[in-house]
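A closer look at the structure
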Amino acid sequence: MPTVLALETSCDESAAAVVHGRTVLASAVASQVEEHARWGGVVPEIASRRHVEALPGLIEQVMRGSGLAMAELDGIAATVCPGLAGALLVASVTGRTLARLHRKPFLGIHHLEGHLCSAQLDSDPPQPPYLVLLVSGGHTELVRVDAPGQYRRLGRSHDDAAGEAFDKVARLLGLGYPGGPAIAAAAEGGDPHRFALPKGRVSRPEGGFYPHDFSFSGLKTAMLRQVRALEASGAMLPVADLAASFEQVVAEVLVERSCRCARDQGLGTLVLVGGVAANQRLRRLLEVQCRELGLRWRLAPLAYCTDNAAMIGVAACQWLSHGTDSSTALGIAARWPLEQAADLQVRPAPF
Ligand code: KG4
Ligand code: ZN
């Protein structure tokens, strides 16, 4: 089993970890959430600056925590795509420099592959083939995993990602940023069935609907209309009921389409990962539905749902075990398909 130092700075969390195979020896995350909260979302320029400030200290912290010296590592990994370009650069340049200095292999990792690998941090990890519901601030995808590195996207959102919908609706309800935890807290004790909300479907040009795809823009508009109507009536906003109803319909639509996709693909295991996977209502509903349908299910450990470097380390260890690494000339890309994650391990570097 290889041991790597992994770095992650693709959005608004600076993170470092030392990982041995599927075992986390040390992991640290410095969140910038409070600073971005003032602006109601991530400000890219601020994110990059904070990564530059935070990363050296985090690396020192996890190296000390692991009890290892640089010489004992088998590789250095960094997230290189997708994400905010200026933010990605920080971990990429740091990782490539450390790799050259210490003569170690460098591994450029796809952020979404990292999220997929967070499920490997469970004590009983899923065995391929399986279906993953990946729900984060930037992505809502159904991914078929046939082997490590072999991914096929079977479903996606045509507009907002699930996490983005949480963030926007939280702002509408006057709750904090990030919206996911704020809505979950506000929804406690609320009636999840008080408001009937739409489960956005995506039409096929030839008629019917894409059965495994998502759309959250109609839901967002429905929430806006509901709030405006309540405000016009002069009543106090029933924030708990609104938050609970929104959370419920998002959880239902995610679980229903994932289970349908697993069944259509003949896959027996459904895996939940990504920032929104921290949502307790979603976790509970997925368990209940899977049990009812006779599917196995795995949930990424709570600590590794939102962005972290441990999941990037697990992905890097998988590639090293396969005998591959990246060119230290590999740059960064704001967008790059998950299906081409393996291209990050080939020479010449694709970007
Ligand atoms: O995976 P992540 O940390 O970053 C991205 O790669 O995007 O996901 C962040 C997203 C945010 O939109 C946040 O609102 C959402 O995950 N989130 C949640 C919860 N915790 C974080 N959504 C719902 N319920 C939660 N408990
Ligand atoms: Zn993420």
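Summary of the structure given here. In this text the structure is predicted, and so the values were computed from the model without any measurement.

Let us now look at the sheet that holds strand β3 (residues 23–31). The strands that make up a sheet are held in pairs by hydrogen bonds between backbone atoms, and each pair lies either parallel or antiparallel. If you trace the 5 strands from one edge of the open sheet to the other, you get β3-β2-β1-β4-β5, paired in mixed fashion. Edge strands, defined here as strands with exactly one partner in the open sheet, are β3 and β5 (106–110). Along the sheet, successive strands turn relative to each other by an average axial angle of 20°, direction set aside. Pairing analysis gives 4 bridges linking strand β1 (residues 3–8) to strand β4 (residues 75–81), with the strands arranged parallel. In the strand pairing of β4, leucine 7 is matched with alanine 78.

Here the focus is the side chain of serine 327. Here serine 327 shows up in the segment after α10 (310–321). By relative accessible area, serine 327 is classed as buried at 11%. Here the side chain of serine 327 touches alanine 329 through a polar contact of 2.8 Å, landing on its backbone nitrogen. Those residues in contact with serine 327 that lie beyond four places of it in its chain are Phe106, Arg347 and Ala349.

On to the coordination of the zinc ion (ligand 2), then. Ideal coordination angles are 109.5 degrees for a metal with four donors arranged tetrahedrally and 90 or 180 degrees for a metal with six donors arranged octahedrally. Those protein atoms acting as donors to the zinc ion (ligand 2) are His111 (NE2), His115 (NE2) and Asp307 (OD), and they sit at 2.0 to 2.1 Å. One can describe the site at the zinc ion (ligand 2) as tetrahedral: its 4 donor atoms subtend angles covering 96 to 134° at the metal. Site description for the zinc ion (ligand 2): donor spacing in sequence, H-x3-H-x191-D. Here histidine 111 is found in helix α4 (residues 111–117), whereas its partner aspartate 307 is found in the loop between β10 (296–299) and α10, with 196 residues between them in sequence. Across the pair, aspartate 307 and histidine 111 agree in class, each one buried.

Within this structure, the stated rule accounts for 3 aromatic pairs. Note on phenylalanine 214 and phenylalanine 216: the rings are 6.3 Å apart at their centroids and 5° apart in plane angle, and the pair reads as stacked. In this structure, arginine 201 packs its charged tip against the face of phenylalanine 209, placed 3.8 Å from the ring centre.

Turning next to the packing of helix α5 (residues 162–172) against helix α7 (residues 217–232). The axes of two packed helices give the description: the angle between them and the distance between them. Contact pair α5 / α7: the axes reach a minimum separation of 10 Å and the direction vectors enclose 10°. Taken together, the axes of α5 and α7 lie roughly parallel to each other. Between α5, through Lys168, Val169 and Leu172, and α7, the contact on the second element is made entirely by Lys220, Met223, Leu224, Val227 and Arg228. By residue class, the composition of the contact of α5 with α7 is 5 nonpolar, no polar and 3 charged.

Taken together, 18 residues lie near ligand 1, and Gly137, Asp167, Gly180, Asn279 and Asp307 sit nearest. In the model, an oxygen atom of ligand 1 is placed 3.1 Å from a nitrogen or oxygen of the histidine 115 side chain. When contributions to the shell around ligand 1 are tallied by element, the ones reaching two or more residues are α4, α5 and α6 (179–187).

Of the consecutive residues proline 128 and proline 129, the connecting peptide bond is found in the cis state with omega at 0°. With respect to the element layout, proline 129 can be found in the loop between α4 and β6 (130–135). A positive phi is found at arginine 103, a non-glycine position, where the angle reads about 50°. For arginine 103, the position within the fold is in the loop between α3 (85–101) and β5.

Our focus in this paragraph is the pairing of β1. Burial within β1 is extensive, with 6 of its 6 residues counted as buried. In β1, alternate side chains face the same way, and those of Thr3, Leu5 and Leu7 on one face and Val4, Ala6 and Glu8 on the other are all buried. Here β1 runs beside strand β2 (residues 13–20); their pairing, made up of 6 bridges, is antiparallel. Note on β2: the bridge partner recorded for leucine 7 is alanine 16. Between β1 and β2, which pair antiparallel in sequence order, lie 4 residues.

Here the focus is the pairing of β6. Taking burial as the measure, the 6 residues of β6 include 6 buried ones, the bulk of the element. Burial of the side chains of β6 extends over both faces: Tyr130, Val132 and Leu134 are buried on one face and Leu131, Leu133 and Val135 on the other. For β6 and strand β7 (residues 140–147), the ladder comprises 6 bridges, and the chain directions are antiparallel. Bridge pairing in β7 places valine 135 opposite threonine 140. Hairpin connection between β6 and β7: a loop of 4 residues separates the two successive antiparallel strands. Bridge count between β6 and strand β9 (residues 269–273): 4 bridges; the pairing is parallel. In the strand pairing of β9, leucine 134 is matched with valine 273.

It is worth spelling out the environment of phenylalanine 209 at this point. In this fold, phenylalanine 209 is placed in the loop between α6 and α7. Discounting chain neighbours no more than four positions away, the residues touching phenylalanine 209 are Arg201, Val202, Ser203 and Arg204.

Each value, and the rule that gives it
- Residues numbered from 1 in each chain as written.
- Chains lettered and ligands numbered in written order.
- Predicted model: local features only at pLDDT ≥ 70, side-chain atom pairs only at ≥ 80, totals over all residues.
- Heavy atoms only, no water.
- Pairing = 2+ DSSP bridges.
- Helix = DSSP H or I, 4+ residues; strand = E, 2+ residues; numbered from the N terminus.
- Axes fitted to C-alpha atoms, helices over the stretch in contact; angles between N-to-C directions.
- Buried < 20%, exposed > 50% of the residue type's maximum accessible area, 1.4 Å probe, protein only.
- Polar contact = N/O pair within 3.5 Å; in protein donor to acceptor, adjacent residues only side chain to side chain.
- Contact = heavy atoms within 4.5 Å.
- Donors = N, O, S within 2.8 Å, 3.2 Å for Na, K, Ca; no water.
- Tetrahedral: all angles 85-135°; square planar, octahedral: opposite > 155°, others 65-115°.
- Phe/Tyr/Trp six-rings, centres within 6.5 Å; stacked < 30°, edge-to-face > 60°.
- Lys NZ or Arg CZ within 6 Å of the ring centre and 35° of its normal.
- Parallel < 35°, antiparallel > 145°, perpendicular 65-115°, else oblique.
- Nonpolar A, V, L, I, M, F, W, Y, C, P; charged D, E, K, R; others polar.
- Near = heavy atom within 4 Å.

Spatial relationships are all this shows, so hold off on functional conclusions.
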